[in-house]
Structures are given as structure tokens and as C-alpha cells.
Amino acid sequence: MLPALFAAAAQAGPQVDVVHWWTSPGETAAMHALADAYRAAGGQWRDVAVVASAQARAVVLARMDAGHPPTAAQFNPSQPFRQLARQGRLHALDEVARRGRWAELLPAVLLDAVRVDGHLYAAPVAIHMPAWLWSSKAALARAGVKAEPRSMVELFAALDKLQGAGLIPLAHGGQPWQDLNLFNAILANQGGRELYQAVFRDRDPAALQGDALRQVLVNYKRLRRYVDAASPGRSWSDTTALLVSGRAGLSFMGDWAKGEFTQAGQLPGRDFGCAPGLSPRAPYIVDGDVLVFPKDRDGSARPAQELLARVATAPATQLAFSARKGSIPVRTDLDTRSLDVCAQAGAAALRDAHRLVGNTEMLLAPEQLTALERAVSDYWNRDIPAQAAQQTLAKILTDRRLP
């Protein structure tokens, strides 16, 4: 028997077409968990998968401009999402949120990310943290590394041992977004929450010009010597495969990477290690997937959209989606003991408000983020002094011409 929440919708069979970029094996498995839950609630799911996030968002905007918007679309809680909401192009979900007690059950940092001018415009589906440290147990054992590193000093010591054993010490996909993601991981782990907030949220001139940020840049560039020659241009999933195969030892990547280990039949703690930061107090960078619901001409899509918003945030869907994707549930009232140790560690970190910080997509305007990504990637790939790179970052983050 269907839950009472979905009973009325089960008779109507509302149809949704959902544009998303959940296309890797682990992501696809999670998407099917969400689609199956929607079908179980009586709905009809039409899948519109697009390979990359930028392309998927372009498809959504093109369809909206043409007057044929999708029923729902995957987005991140970013500035482009906020722009769409302010333009009046998205349905608000205030009533769904009220009935679902989102204010009580979802983290405030996430609700703030999907709240625009006092209204909620997206249904959170998953929380991701982009700066997890992943390790191959087989590679570490082969190199004589007895435990995953828990400080910057231990990190470099482990990388040296892996390099000495003829392995790829640091698996890194040399794409600009991955270069910035690695920089953010080092900023968070070495600089801590205070420096991270000062740089990205407050854009404090003293922090941007200070020695602490310069040392972050120095250690970030120092990591370059530990990546393999095939790194440039490699996708994150192919990079994660290096750890899955035991060819590489360590990697900083979002918790979506866990799905690749899972799809290969590997288990956390036995085959691979996972840590949401180098130390128990490392900042937990909140990222994630949300569903937005573009307005249609006559409002006829609204019942299907509200049903999907309720299904996506329902307890059973949350647990099933997170188990397959590598994310953690957006709800804080769930018993996560059924999830693996990685998800449990992430859920525990999420409950510590003193560790939480927003990701760069939440904190920076698109133009600013693009400029930052380019500058960090240039510094990673070219012979640029740390002091010069720091001046460039400071200029970008304090440019008054950018929001």
C-alpha cells in the first residue's frame, strides 16, 4: 500500500521530465532510486540526462526561453539558481516545505542556500562535500603507509612514500574545476574555517594579503609534483578509477566519488578509506544537488512538481539515494546507521554547525567564480610565484565590479 502522503497522487499519475547530469555509474544508480520512488508514488518519470552540469543548465535555460520548460531540473544552490528565482521563473515551494517541516529537519546552511528573498525555490536532494580525502588501502599498504594522513605533515609524508613505491601519489584530474576543488580542500584543511570564511565569504583584504593564504598557495603548488603525467584534462570518474584499481594512493574529491568505489564492489574501511577532512575539526564544505521547478504557462505542472519535491525529500528516498550516490541525506532526523561508514562520518560532521561552510558556488557570483577558477588553474599549471598568484586572487575577490 502506498504511503498516505502519496495516495492521492497515485491515481493521477502526474508526469515529470527531469533534466539532470547524473550520468556516471554511481550517479545513474542514485537517479534510478529517485525515479523509482516517484513511480512508486504514482507518477511517471521521463529521464533527460545531459553529460555535464554546464550543458544541462544550458538545456534548461533554452527550454525555458522557448516556452517549453522541463518539469524539474537538477541544479546546485548557486548564484545562477538565485538569479532564476529572482527573475520569477521558478515555482516557490513554501507550502511543501511547511508541510514537510523543512525548517526543523533540514540544516539551516542548506535552507539558506535555497532561500531567495524569503521564499524557498528548490528541493534539496543530496548534500555533498567536495573536499573528502579518499585512499586506496592496497596502494597505502604497498607503500608502507600505515594509516590515512590526518594533517598536512602526514599528507606529504604519505605522498613521498607512495611516490617511492612507484605509485601515483595523488590522483588528480587536471580540469580547471578540479584544480579549484583541490585548492579549496587545501585552504580548508590547512587554513581552517576562519581563513576559509575570511577568503571566500568575507573577502577580507587582510586575509587575502596575509601569510596564511600564501602558505596555502605554496603547499597547493607543492602537490603538483605528486600527480601523474596523464592528469591534464582527465575526468573525475577516470581519476577515481586510479584509486579503485590501486594504481594511486590518495585523492581529494567530493563524496560523489564513493559511488565509483561502490559500483566496483569495494567497501569502505576494507578496500578504501574516506575522511571528510584531514582532522576531526576540518571545515565541512556544504555543496549538493537540488531540484528546481520552472514555471510553465498555465501552472498545470504544479501537482507533478510538488509531488516530486515531496518524494525527493521523503525519508526512504533520501536513504536510498544517498546509499547509491555517495552523498548524505539532507534530513537530520534519519537513522543513518544503515548507510556506510563514509556517509555516517559525513552525517556526523553535518550535525556540527561549527564545521559548516558554504561552497564557492554559493558564495561567489558566476563571473567571480569563473575568474577564480581560471587563476587557480593557471597557477597550478604554470610557473607563477605564489605571491603573484595571491595578488591575482585578492584582486578577483575584492573587485567591486563583480557582485
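Fair warning: this is a prediction, and the values are worked out from it, not measured in the lab.

A. Local environment of the sheet that holds strand β10 (residues 272–275). Read across the open sheet, the four strands follow the order β8-β9-β7-β10; overall the sheet is mixed. In the strand order of this sheet, the two ends are held by β8 (168–170) and β10, each with one partner. Put simply, the sheet's adjacent strands are angled 20° from each other on average, direction ignored. As judged from the two bridges shared by β8 and strand β9 (residues 248–253), these two strands associate in the parallel manner. Bridge pairing in β9 links leucine 170 to leucine 250. Against the sheet, helix α9 (residues 152–164) touches β8 and β9, its axis set at about 140° to β9. Taken strand by strand, helix α13 (residues 236–244) contacts β7 (132–136), β8 and β9, and its axis lies near 145° from that of β9.

B. Quick peek at the packing of helix α2 (residues 25–40) against helix α15 (residues 302–312). Closest axis-to-axis distance for the α2/α15 pair is 10 Å, and the angle between their directions is 120°. Classed by the angle they form, the pair α2 and α15 counts as oblique. Seen along the crossing, α2 lies across α15 with a hand that is right-handed. Contacts from Leu34, Ala37 and Tyr38 of α2 reach α15 at Ala304, Leu307, Leu308, Val311 and Ala312. Counted by class, the contact of α2 with α15 contains eight nonpolar, no polar and no charged residues.

C. Representation of the nonpolar core. Within the largest apolar cluster, 135 residues are counted, with the highest numbers of intra-cluster contacts made by Trp134, Phe183, Phe200, Tyr284 and Leu308. Considering each element in turn, this core owes the most residues, 12 residues, to helix α10 (residues 176–201).

D. Representation of the environment of threonine 240 in the model. Relative to the assigned elements, threonine 240 resides in helix α13. With 33 residues separating them in the primary sequence, threonine 240 and glycine 273 have C-alpha atoms 13 Å apart. Residues contacting threonine 240, with those up to four places away along its chain left out, are Ala257, Glu260 and Phe261.

E. Region of the structure containing the state of the cysteines. Under the counting rule described, the total for this entry stands at one disulfide. The side chain of cysteine 274 participates in a disulfide bridge whose partner is cysteine 342; the two sulfur atoms lie 2.0 Å from each other. Looking along the S-S bond of the cysteine 274-cysteine 342 disulfide, the torsion reads about -100°, which is the left-handed sense. Of the two residues, cysteine 274 sits in strand β10 while cysteine 342 sits in helix α17 (residues 341–350), which places them 68 residues apart along the sequence.

F. The pattern of salt bridges, seen in detail. Tallied over the entire structure, the rule returns 20 salt bridges. When the shortest N-O distance is used, the salt bridge between glutamate 148 and lysine 137 registers 2.9 Å. With glutamate 148 in the loop between α8 (137–143) and α9 and lysine 137 in helix α8, this pair connects stretches of sequence that are 11 residues apart. The class for glutamate 148 is buried, based on a relative accessible area of 15%. Linking aspartate 352 and arginine 281 is a salt bridge whose minimum nitrogen-to-oxygen distance equals 2.6 Å. Remark: arginine 281 occurs in the loop between β10 and β11 (284–292) and aspartate 352 occurs in the loop between α17 and β12 (356–358); sequence separation between them is 71 residues. Since its relative accessible area comes to 19%, aspartate 352 is described here as buried. The network of salt bridges with common partners includes Asp17, Arg46 and Arg63.

Rules of the game
- Residues numbered from 1 in each chain as written.
- Predicted model: local features only at pLDDT ≥ 70, side-chain atom pairs only at ≥ 80, totals over all residues.
- Heavy atoms only, no water.
- Pairing = 2+ DSSP bridges.
- Helix = DSSP H or I, 4+ residues; strand = E, 2+ residues; numbered from the N terminus.
- Axes fitted to C-alpha atoms, helices over the stretch in contact; angles between N-to-C directions.
- Contact = heavy atoms within 4.5 Å.
- Parallel < 35°, antiparallel > 145°, perpendicular 65-115°, else oblique.
- Left-handed = near helix turned anticlockwise from the far one by under 90°.
- Nonpolar A, V, L, I, M, F, W, Y, C, P; charged D, E, K, R; others polar.
- Core = buried A, V, L, I, M, F, W, Y, C linked by side-chain atoms within 4.5 Å.
- Buried < 20%, exposed > 50% of the residue type's maximum accessible area, 1.4 Å probe, protein only.
- Disulfide = S-S within 2.5 Å.
- Salt bridge = Lys/Arg side-chain N within 4 Å of Asp/Glu carboxyl O.

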